[in-house]
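Coordinate analysis (summary)
Here's the letter readout for the chains.
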Amino acid sequence: MKVLFESAFNINRNINKLVNQEAINSFGKTLYQGDNANYCTSLFQNYLIEPNEKVKIFLQHLGQALINWAKNNTKNGYFGMVDVHHGTELFLGFLPRYIDIFPDDQNAKNLILDVAEHIGNWSKNSYDWFDYSNNNFKSWYFGTNGIHQNASYNYNTADHLRLVHIALLAWEISSDKKFIEWAYTYSSEFAKKIVLAEKNIPVAWNREWKEFFHENMTSKEERFLSANHHHLSENPISGIENLLASGAIYIFGYLYHNNKDEIFKDAAKIILNDLIPYLINPYSDTIGVVLNYYRFTFNDYSFDQTILSYLEKIPPESNNELMLGFPENENLRLKGIGNRKDMIYWYYLEKLEAKHIDEPPTSFFMLAYNITGKMEFAERALKTASRKIKIASSILRSGHEHSDSGKLYSSIISGHGRNWGVGSITGCYPSLFIGSDENLGIYNYKFKFLSKTLSIGCLPIVRSLLDYKTELLFYNFSNIKQNVKFIHKKNSELVNLELEPNSFTKRVFI
C-alpha cells in the first residue's frame, strides 16, 4: 500500500505542473485556439481529488481567456465556416469541466447554448445544418455562414457525434427537451447504422447513409474527413477508432440510461467486441476506460471473463528503466488504437539497449481492479503512471500549444487527439480515486472531495460494483485522526468521514 500511496502523491504533484501562465497569455496570439485549453483537463480531476485554491484560480483565469477568445472569434455562436471535427473542440473537454466547477458562470454556459441552437436548425439567424428528411447532416464542413459547396464533404462521420455531446450539454444546462429529443433521433440512427454495417464499421456514410471505408476515400478532402492520416491502410478498425475519438460510447451510454433503447447497447457492444483484441496493446489507453464505463452504465458484465483471461497473457511487471523516444520522422508505425504520427514511444532501457515497452496500458489494470477488487492491479496501474509522469514532466513542453498533439506533456497525462481524454495517467488515476468516466462531453464522476486527501496522508480508492453500486475504500496513513468531507454526486449526499490514525474504512454507495 505504501507504493500505491506514494505513486498517487507523485501523480497529484506532477499534474499540478500544468498550471502555466503562458497558457493564459497565449490566447489571442494565434488564429486558432479552440482546443488548446484541453491540455489541462486533468487539472479538473486533480482538483476533485485534492482541492487546491491555486489550481482553481488558474482554471478560472484560463476559462475567462477561453470565453473572451470565443466571443471574438465566433459569429452568431459558432465559427463562420469550419470542419465539424475542429469546430466543435472549443465546446468540449475544458468547457464542461469548467462549468462543473464554476456553475454560476453564465457566459460559459451561453457558449454551449448558443451553438446548440444551430445544431437542429432552431436558430433563426443561420443556415440549416441538419437534414431531417435523411436524419443526418448536410456536410462535414459548415458554419454560421452556410454549408461548404464542395461535394467531397457531403458525408456524416463520427465527428458529427461531437455535436450530440454539445446538444446533451445544452439539455443538462437548460432542461430544454428539444436538445435531448434531437440527440436521441440522430444518435439512434447512427447506432442503427453501426449495428447494420455489412462488414467493418465504416469511416463515413454519405447523405443517403451508404457506407464508405478507408479505401473508398480517394480525394484529398475525403481522406482528411475520414481521418485516413491517422490510420495505417487496411486497418479494419479505422472506423471504430474514429468513434472512440469522438466519444461515441459515452453518448450511447447516456441515452441508454435515459430511455433504455437497446439499440444503443447493441451498437456499443459491437464496438467493444472489435476492441477487445487490442485491450493490452501498450497505447490502447482508451479501451480499458470505455469498457469500465460500459460495465457500469449498461449494467452488463458479459465481457468480464474475456477481460480476465488477458491477465494470463500479460508480461510480468518490469523494473527496468523507462525511456521516452521520439523518432526522427513522424509516421504512423503501429496498428490498433491510440496512434498518431507525432506520438511518443516508451521503451525499457537495459545497459543502453532499448526495447519497445510491452506493458499493458494503465487503464487495463484499473479495469482489472474494478472487476476483481484485487489491489495489486490498482497498484501496478498507479506505479506505472507515476513513473511515466515523473519522466514526462521533466522534459516535455506542457501542451497548451496544441492539446491534440502526441508529443507533449499533456498527451502523456490525458492522451492525444485520438484518445478522447485518456492517457497513461487519466487511464487510471481519476477513475480509481473519484470514479471519473473521462468523457469530454458531459463530465461525470462519483465523488467530489471538499477537503484535502493525499496531502494529509489519506487515500481514497473507488470501485464500481454490480447493480450500480460503488465501493469507496479509505486509507489513513497518518498518525492522527483525519476528517474528510466529500459529495457523493449521484445523490448529492454530503459525507463527513472521520478516519482513525493508521486505519482502513469501507463504504458502499447506491
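Use the structure listed above.
Definitions and limits used
- Residues numbered from 1 in each chain as written.
- Predicted model: local features only at pLDDT ≥ 70, side-chain atom pairs only at ≥ 80, totals over all residues.
- Heavy atoms only, no water.
- Helix = DSSP H or I, 4+ residues; strand = E, 2+ residues; numbered from the N terminus.
- Rg over C-alpha atoms; globule rule 2.2 N^0.38 Å.
- Contact = heavy atoms within 4.5 Å.
- Lys, Arg positive; Asp, Glu negative; His and termini not counted.
- Charge placed at Lys NZ, Arg CZ, Asp CG, Glu CD.
- Core = buried A, V, L, I, M, F, W, Y, C linked by side-chain atoms within 4.5 Å.
- Buried < 20%, exposed > 50% of the residue type's maximum accessible area, 1.4 Å probe, protein only.
- Pairing = 2+ DSSP bridges.
- Axes fitted to C-alpha atoms, helices over the stretch in contact; angles between N-to-C directions.
- Phe/Tyr/Trp six-rings, centres within 6.5 Å; stacked < 30°, edge-to-face > 60°.
- Salt bridge = Lys/Arg side-chain N within 4 Å of Asp/Glu carboxyl O.

1. A word on the overall build of the chain
A tally of helices and strands in the chain yields 19 helices and 17 strands. For 510 residues, the compact-globule estimate of 2.2 N^0.38 gives 24 Å, and the C-alpha radius of gyration of the chain, at 22 Å, lies within 12% of that figure. Along the first, second and third principal axes, the C-alpha atoms of the chain reach 70 × 50 × 45 Å. The long-range fraction of contacts in the chain, counting pairs at least 24 apart against all pairs at least 6 apart in sequence, stands at 66%. A gap of 3 Å separates the mean positions of the 53 positive and 55 negative side-chain charges of the chain.

2. A look at the nonpolar core
Counting 171 residues, the largest nonpolar core has L59, L62, W182, F252 and F486 as the members making the most contacts within it. Setting aside anything within four residues of it in sequence, one finds F486 in contact with F447, K448, F449, L450, L472, F474, E493, L494, V495, L497 and F509.

3. Observations regarding helix α16 (residues 362-372)
Burial analysis of α16 places 10 of its 11 residues in the buried class, which makes it a mostly covered element. Regarding α16, the residues found buried are T362, S363, F364, F365, M366, L367, A368, Y369, N370 and I371. For α16, the elements touching its buried residues are α14 (285-297), α15 (304-309), α17 (375-395), α19 (429-434), β13 (458-464) and β14 (470-476). Positioned one or two residues after α16, G373 has a phi angle of 75°, which is positive.

4. Concerning the sheet that holds strand β9 (residues 321-325)
Spatial strand order, β9-β10-β11: 3 strands in an open sheet with antiparallel pairing. Each edge of the open sheet is held by one strand with a lone partner, namely β9 and β11 (353-356). Direction aside, the axes of adjacent strands within the sheet are offset by 40° on average. Contacting β9 and β10 (345-350), α17 crosses the sheet at an angle of about 45° to β9.

5. Focus on the pairing of β14
Most of β14 sits out of view: 7 of its 7 residues are buried. Here β14 shows a buried face lined by T470, L472, F474 and N476 and a second buried face lined by E471, L473 and Y475. Where β13 folds back on β14, the antiparallel hairpin that results is connected by 5 residues, among which D467 adopts a positive phi of roughly 60°. With 7 bridges joining them, β14 and strand β17 (residues 503-509) adopt antiparallel strand pairing. Note on β17: the bridge partner recorded for E471 is V508.

6. Here we look at the packing of aromatic side chains
Under the definition given, this model contains 48 aromatic pairs. Taken together, a centroid distance of 5.9 Å and an interplanar angle of 75° make the contact between F137 and W182 edge-to-face. Taken together, the residues F137 in strand β3 (residues 136-137) and W182 in helix α9 (residues 177-195) connect sequence positions 45 residues apart. W182 carries the same exposure label as F137, and that label is buried. Between F447 and F509, the ring centres sit 5.0 Å apart and the planes meet at 70°, which makes this aromatic pair edge-to-face. Of the two residues, F447 sits in strand β12 (residues 447-449) while F509 sits in strand β17, which places them 62 residues apart along the sequence. Residues F447 and F509 agree in their burial class; the two are buried.

7. What about the sheet that holds strand β8 (residues 211-212)?
Across the sheet, which stays open at both edges, the 3 strands sit in the order β6-β7-β8 with antiparallel pairing between neighbours. The sheet is open, and its two edges are formed by β6 (155-156) and β8, each paired on a single side. Of the strand pairs in this sheet, strand β7 (residues 204-206) and β8 are connected by 2 bridges, and their pairing is antiparallel. Each bridged residue has a counterpart across the sheet, and for A204 the counterpart in β8 is F212.

8. Examining the environment of S123
Mapped onto the secondary structure, S123 falls in the loop between α7 (106-119) and β2 (130-131). Overall, the relative accessible area of 16% leaves S123 in the buried class. Measuring from C-alpha to C-alpha, the distance between S123 and T144 comes to 9.9 Å, with 21 residues separating the pair along the chain. Excluding residues within four positions of it along the chain, S123 makes contact with N76, E117 and H118.

9. Notes on the pattern of salt bridges
Under the criterion given, the structure shown has 18 salt bridges. Note that E500 and K481 form a salt bridge whose closest N and O atoms lie 3.6 Å from each other. Here E500, found in the loop between β16 (493-499) and β17, pairs with K481, found in the loop between β14 and β15 (482-488); they are 19 residues apart in sequence, far enough to count as distant. Where salt bridges share partners, they join E89, D159 and R162 into one cluster.

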